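Working through the structure, step by step
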Amino acid sequence: MTQDIQTPNTDNQTLNNAGTTDVRQRFFIEDSPVRGDVVRLARSYAETISQKAYPEAIRRLLGEMLTAASLLIGTVKINGRLSIQLQSSDSDSLLNWAMAECDQDGIIRALASWKADTDAQIKAWESMTHANEAFAELGVAGQGVLFINIQPDNGEPYQGIVERTHDNLAQCLAHYQKQSAQIPTLISLASDGLQAGGILVQMLPRTFDETLEAERNEDAGIDDDLWTRLSVLTRTIKPEELTTLDASEILYRLYHEENVVAPDPVPLAFGCTCSREKSAMAIEQIGADEAFDIIDEKGGSFEMDCGFCGAVYTFDKDDVQAIFAE
C-alpha cells in the first residue's frame, strides 16, 4: 500500500496506527531514482536512554545514532541488524565508546561508556548540551573511529570504517555513503534529549534501460534539476522540526511540490536481544575455574546485568556446574 503525500497527512489511519512518533517512513519521488526515509523517535528513544544516567550530550548523541541506524538499515536489503559504533582513540577522551543498533523489524537499542570519575570530568560533561560536543570527544577530524556493522541473520557480517571527515555524525555518514556506495546522499539528524529524528535522501544509479528511456523521452526519468532542488529543500529542515513533526508533515513541508509516494511506515520500538542463555554462553567462555572462583568471591552466586535493558541474570554454583556439565 502506498499513499501520495500532497497534503498534510494528519488523518492517515495507517500512520496513526503505527504511532506517529516512533516510525520509519520510506518515500519515493515518482518517476525518478530518488528515495528516502524519515525517522521519528520518542517513546522508543526515551526507553533506551532511561537505562543509564547519561550526560545530556551523550543522550543527544545516542538519539542521533539511533536515528541514523534506523535510517541506514532501510538502505540495505538484509534480514538482520545494522549498528553504528564510535570508538575513541584518545585515552584522555571523556567518551570511551558508543553504539546504536536497529534490526529489520524496527527494534532499536543503544549503549555508551564514558568517563566521569573526577570532579573535573563531571563538570566537563555538565557543560556540554549538544550531540556534537559528545561527538567531538572522539578527537579532531581524522581521530577516533566510526564503524557501520551489518550482521545478517544468515551470511557473513560486514564492517565498514567511516572516515572522520566532519565534526558531526550526519555529515560523516553522508560522506561514507557517497564514497563507499557511490550514491549521492543527504542526511540530517537531530535530538533534543527527549525526542530524536532525521531524514535520509539518496539518488540511486539509473539502470541501463532507464537511461535509454530518459534519452528517448525528455519527460521520462529524472529532470536535470531534481537532485539540486531536493538538496536545497532538504537542507531547510530545522532540528526542532525533525524532533517534533510527524513524518508525513515533514515530507509535505519539504516536498509538497514534488510527486512523493510513501509506502506504509515501519513502527520502531526499544528492545533487547539479551537472555539467560546468552549470559550462560559468556560464563562458558571465561572457563570453569574462573567462574567458580567468582562464585566463591561473591558468596555463592553472582549477577550478570545487561547494559542495554537492565535485565539481571543470577547464577549460583549449581547453575555454573550445569553450564560446564553440558
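Below, the structure is looked at part by part. (Residues numbered from 1 in each chain as written. Predicted model: local features only at pLDDT ≥ 70, side-chain atom pairs only at ≥ 80, totals over all residues. Heavy atoms only, no water.)

**Notes on the overall build of the protein chain**
We count it as follows: In DSSP terms, a helix is any run of H or I states spanning at least four residues, a strand is any run of E spanning at least two, and both are numbered starting from the N terminus. The contact definition used throughout considers only heavy atoms, calling two residues in contact when any of these lie within 4.5 Å. Here the Shrake-Rupley method, with its probe set to 1.4 Å, supplies the accessible areas, and only the displayed protein chains count as covering residues.
The helix and strand inventory of the protein chain stands at 13 helices and 15 strands. The contacts in the protein chain between residues at least 6 apart in sequence include a share of 64% that link residues at least 24 apart. Here the protein chain displays about 16300 Å² of accessible surface, and carbon together with sulfur accounts for 47% of that area.

**Quick look at the sheet that holds strand E6 (residues 107-114)**
Formally: Strand pairing is defined by DSSP finding a minimum of two bridges between the two strands. The angle between two axes is taken between their N-to-C directions and runs from 0 to 180 degrees, where each axis is a line fitted to C-alpha atoms and a helix contributes only its stretch in contact.
Judged by pairing direction, the sheet is mixed, and its six strands sit side by side in the order E8-E7-E4-E5-E6-E13 without closing on themselves. Each edge of the open sheet carries a strand with a single partner, namely strand E8 (158-162) and strand E13 (269-270). Pairing geometry for strand E4 (residues 80-87) and strand E5 (residues 95-103), over seven bridges, is antiparallel. Looking across to E5, one finds that Gln 87 is bridged to Trp 97. Across the sheet, helix H3 (residues 56-72) lies against E4, E5, E6 and strand E7 (145-152), angled at about 35 degrees from E5, the strand it touches most.

**Quick look at H3**
Here is the rule we go by: Here the expected span of a helix is defined as 1.5 Å times the quantity of residues minus one. A simple rule labels every residue: compare its accessible area, found with a 1.4 Å probe on the protein chains alone, to the largest value its type can have, and call it buried under 20%, exposed over 50%, or partly exposed in between.
The end-to-end C-alpha separation of H3 is 24 Å, in line with the 24 Å expected for 17 residues at 1.5 Å each. When you tally the buried positions in H3, you get 15 out of 17 residues, the bulk of the element.

**Focus: the packing of H3 against helix H6 (residues 169-180)**
To keep it simple, the criterion reads: Oblique is the label for any angle not covered by the other classes, which are roughly parallel (under 35 degrees), roughly antiparallel (over 145) and roughly perpendicular (65 to 115). Handedness of a crossing follows from how the near helix is turned relative to the far one, being left-handed for an anticlockwise turn of less than a right angle and right-handed for a clockwise one. Throughout this entry, Asp, Glu, Lys and Arg are counted as charged residues, while Ala, Val, Leu, Ile, Met, Phe, Trp, Tyr, Cys and Pro are counted as nonpolar. The remaining residues, Gly among them, count as polar.
Interaxial distance between H3 and H6 falls to 11 Å at its minimum, and their mutual angle equals 25 degrees. Here H3 is positioned roughly parallel relative to H6, judged by the angle of their axes. The handedness of the crossing between H3 and H6 is right-handed. Contacts between H3 and H6 pair Glu 64, Met 65, Ala 68 and Leu 72 from the former with Leu 169, Leu 173 and Gln 177 from the latter. For the contact of H3 with H6, the class distribution of residues is five nonpolar, one polar and one charged.

**Considerations on the environment of Gly 287**
In this fold, Gly 287 is placed in the loop between helix H11 (276-286) and helix H12 (288-297). By relative accessible area, which is 21% here, Gly 287 ends up partly exposed. Residues Gly 287 and Phe 324 lie 37 residues apart in sequence; the distance between their C-alpha atoms is 8.5 Å.

**Brief notes about the side chain of Thr 75**
Here Thr 75 is to be found in the loop between H3 and E4. The class of Thr 75 is buried, set by a relative accessible area of 17%.

**Digging into the pattern of salt bridges**
Test applied: The salt bridge definition used is simple: a Lys or Arg side-chain nitrogen within 4 Å of an Asp or Glu carboxyl oxygen.
Counted according to the given criterion, the structure contains eleven salt bridges. In this structure, Arg 60 and Glu 56 form a salt bridge, with 2.8 Å as the shortest nitrogen-oxygen distance. Pair noted here: Arg 60 and Glu 56 are both in helix H3, with a separation of four residues, about one helical turn. Sharing partners across several salt bridges, the network here consists of Glu 56, Arg 59 and Arg 60.

**Focus on the packing of aromatic side chains**
What counts, and what does not: Within 6.5 Å between ring centres, the rings of Phe, Tyr and Trp (the latter by its six-membered ring) count as paired, and their orientation is classed by plane angle as stacked under 30 degrees, edge-to-face over 60, tilted in between. Working rule: Lys NZ or Arg CZ, within 6 Å of ring centre, within 35 degrees of ring normal, means a charge sits over the ring.
Summed over all chains, the structure comprises three aromatic pairs. An angle of 45 degrees between the planes, with centres 5.2 Å apart, marks the rings of Tyr 54 and Trp 114 as tilted. Separated by 60 residues along the polypeptide, Tyr 54 in the loop between helix H2 (43-49) and H3 and Trp 114 in strand E6 bring together distant segments of the chain. Taking relative accessible area as the criterion, Tyr 54 reaches 6% and is therefore assigned buried. For the cation-ring pair, Arg 109 lies above Phe 308, with the distance from its terminal atom to the ring centre recorded as 3.9 Å. For the cation-ring pair, Arg 276 lies above Phe 315, with the distance from its terminal atom to the ring centre recorded as 4.2 Å.

**Things to note about the nonpolar core**
For clarity, the threshold we go by: Throughout this description, the term nonpolar core refers to a set of buried Ala, Val, Leu, Ile, Met, Phe, Trp, Tyr and Cys residues connected via side-chain atoms within 4.5 Å.
Counting residues in hydrophobic clusters, the biggest one holds 52 residues, and the most contacted among them are Leu 62, Met 65, Leu 169 and Leu 173. Element by element, the count of residues in this core is highest for H3, at ten residues. Residues Val 38, Leu 230, Leu 251 and Leu 254 belong to the second largest nonpolar core, which totals 21 residues.

**Comments concerning the layout of surface pockets**
Put simply, the rule reads: A 1.4 Å probe that fits into a set of points on a 1 Å grid over the protein atoms alone but cannot get out defines a cavity; an open set with protein on both sides within 12 Å along at least five of seven lines defines a pocket, and lining residues are those with an atom within 4 Å of a point. Grid points are joined across faces, edges and corners, and a volume is the space filled by probe spheres set on the points.
Of the volumes computed, that of the largest pocket is approximately 330 Å³. What lines the largest pocket is a set of 18 residues, and nearest its centre among them are Asn 168, Ala 170, Gln 171, Ile 187 and Ser 188. If you list the elements that add at least two residues to the lining of the largest pocket, you get H6, strand E9 (185-191) and helix H9 (239-244). Sorting elements by how many residues they give to the lining of the largest pocket places E9 first, with six residues. Of the residues belonging to the lining of the largest pocket, the class tally is nine nonpolar, six polar and three charged.

**Quick notes on the environment of Val 140**
Its place among the elements puts Val 140 in the loop between helix H5 (131-135) and E7. A relative accessible area of 55% means that Val 140 is categorised as exposed. When the C-alpha atoms of Val 140 and His 166 are compared, they prove to be 8.8 Å apart, with 26 residues separating the residues in sequence.

**A word on the pairing of E5**
Of all nine residues in E5, seven are buried; the element is thus mostly enclosed. Sheet topology places E5 next to E6; seven bridges connect them, and they run antiparallel. Note on E6: the bridge partner recorded for Ala 100 is Ala 110. The turn joining E5 and E6, which pair antiparallel and follow one another in sequence, is formed by three residues; a positive phi near 85 degrees is taken by Gly 106.

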